[in-house]
Amino acid sequence: MKFQNIFKMLSPTFVSAPHSFSQIYDPCSGQYVNINSFSALNMSVPTMKAVRVHRFGGPEVLSLEQHVPIPPLKENQVLVRVLFAGVNPVETYIREGQYSRLPELPYTPGSDAAGYVHQVGNAVTSLKVGDRVFVAGTSSNTGSYAQFVVSDDTYVFPLHERLSFAQGASLGVPFFTAYKALILRAQTKPGEVVLIHGASGAVGTAAVQIARAMGTTVVGTAGTKEGMDVVSRCGAHHVFNHNHKSYEKKMVEHLGTGFDVIIEHLANINLGHDLQMLKPSARVMVVGCRGAVNINPRHLMLPEASIRGVALGTSTPAEWSEMGAAIVAGIEAGWVNPVINQEYTMDEVQQVHHDIIHSKGAKGKLVIRVVDE
């Protein structure tokens, strides 16, 4: 029993007694192995399976590794046993080294996850071991493509049982970005007309649901029939194909008016058109951009409209708390329903990083299945 207690402290995923005192539970393989097969490092530092990046570059730099040390826990942090990890476009920019804040190498990508609380720091009072939770970020914007992730309790929230863990892993960047863009930055009001430009992706579907729940008239665009159907099911009042010629003109003619708020996911392509569809005091929220763009500022002058950037990573603790409370309430009320496009295994991490950028016609969130539920 004395040795069993020692083994239990060494392994975060220890769940039952080993077959003999000469065995220890390995969280990476999910099996008991002989003590003699473990090195001194493995005996002293709990390890896990995780995706690692040792140099910046294309998807090929992503590697799945065994026995990666589990980060130590600080007093205000939570250790979550990950079942699903969410994948976001920003993680491909970081992997390429094309981002304003880059992590030190090597690192584990990802900031969104869902699973069970495995351990809490001494200062954490809002969560306990065994709670279903979703992780909406980490202080380093890394770490979730792994069997365990450590995050400040600021970014960890309870996951209602009406959502699956795959859906839980789809909440962080998409729903918090959409909420910040619509509520905190644009200060959208009930009764306003909102355009979600590129509404079939993860942030887009989240924005449609939030905008509909708050009583706005919601217009969404997508590039395929399947994407348009997803946007409609999320609650958009009107849906248009942004690959059709002169679709901007058709939207305004159909509505008989312009837009109070535009959520823009591809500003380098659409921003010039956005500025020609604005109502007085309109706000264009730039959520995504993949290059430079030329615009005519005169389009902003007469309506006294504005263009505003949105960056989830600059949110204050108070804003994280507000966003989390609103999203958790939306889950409980039934209007927060993340859309899952496709699940991948950890072995397919290179493929998911390719697909999230190059696949035609977004239809919700891409997630990595770390452990079967």
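Please refer to the structure higher up on the page.
Not measured: the values here are computed from a predicted model. (Residues numbered from 1 in each chain as written. Predicted model: local features only at pLDDT ≥ 70, side-chain atom pairs only at ≥ 80, totals over all residues. Heavy atoms only, no water.)

Below, the discussion takes up the packing of aromatic side chains. Both the distance between ring centres and the angle between the ring planes are used here to describe each pair of aromatic rings. Across all of its chains, the model carries 7 aromatic pairs by this definition. For Arg 132, the ring lying beneath its charged end belongs to Phe 165, and the centroid distance is 4.2 Å. (Phe/Tyr/Trp six-rings, centres within 6.5 Å; stacked < 30°, edge-to-face > 60°. Lys NZ or Arg CZ within 6 Å of the ring centre and 35° of its normal.)

Attention shifts here to the pattern of salt bridges. A complete count under the given rule lists 7 salt bridges for this structure. Notably, a salt bridge pairs Asp 229 with Lys 225, separated by 3.0 Å at the nearest N-O pair. In this pair, Asp 229 and Lys 225 are both assigned in helix H7 (residues 225–233), 4 residues apart and thus about one turn of the helix distant. According to the relative accessible area criterion, Lys 225 is exposed, its value standing at 55%. (Salt bridge = Lys/Arg side-chain N within 4 Å of Asp/Glu carboxyl O. Helix = DSSP H or I, 4+ residues; strand = E, 2+ residues; numbered from the N terminus. Buried < 20%, exposed > 50% of the residue type's maximum accessible area, 1.4 Å probe, protein only.)

Now for the side chain of Glu 264. Residue placement: Glu 264 occurs in strand E13 (residues 259–264). For Glu 264, which is buried and forms no salt bridge, the nearest opposite charge comes from Arg 290, at a distance of 10 Å. At 2.8 Å, the side chain of Glu 264 and the backbone nitrogen of Leu 266 are in polar contact. Every residue in contact with Glu 264, bar those within four places of it in the chain, is listed here: His 197, Asn 270, Asp 274, Val 284, Met 285, Val 286, Val 287 and Gly 288. (Lys, Arg positive; Asp, Glu negative; His and termini not counted. Polar contact = N/O pair within 3.5 Å; in protein donor to acceptor, adjacent residues only side chain to side chain. Contact = heavy atoms within 4.5 Å.)

Moving on: the pairing of strand E7 (residues 132–135). Burial along E7 is two-sided: Arg 132 and Phe 134 facing one way and Val 133 and Val 135 facing the other are all buried. Pairing of strand E6 (residues 112–120) with E7 involves 4 bridges; the strand directions are antiparallel. When the bridges of E7 are listed, Ala 114 appears paired with Phe 134. In terms of strand pairing, E7 meets strand E9 (residues 156–158) through 3 bridges, oriented antiparallel. From the neighbouring strand, Val 135 faces E9, where its bridge partner is Val 156. (Pairing = 2+ DSSP bridges.)

Moving on, we get to the packing of helix H3 (residues 89–96) against helix H12 (residues 349–358). Viewed as axis vectors pointing N to C, H3 and H12 meet at an angle of 115°, and their least axial separation amounts to 9 Å. Classed by the angle they form, the pair H3 and H12 counts as roughly perpendicular. Where H3 crosses over H12, the handedness of that crossing is left-handed. Contact with H3, carried on its side by Pro 89, Glu 91, Thr 92, Tyr 93 and Arg 95, involves His 353, Ile 356 and Ile 357 of H12 and no other residues of that element. A per-class count over the contact of H3 with H12 returns 4 nonpolar, 2 polar and 2 charged. (Axes fitted to C-alpha atoms, helices over the stretch in contact; angles between N-to-C directions. Parallel < 35°, antiparallel > 145°, perpendicular 65-115°, else oblique. Left-handed = near helix turned anticlockwise from the far one by under 90°. Nonpolar A, V, L, I, M, F, W, Y, C, P; charged D, E, K, R; others polar.)

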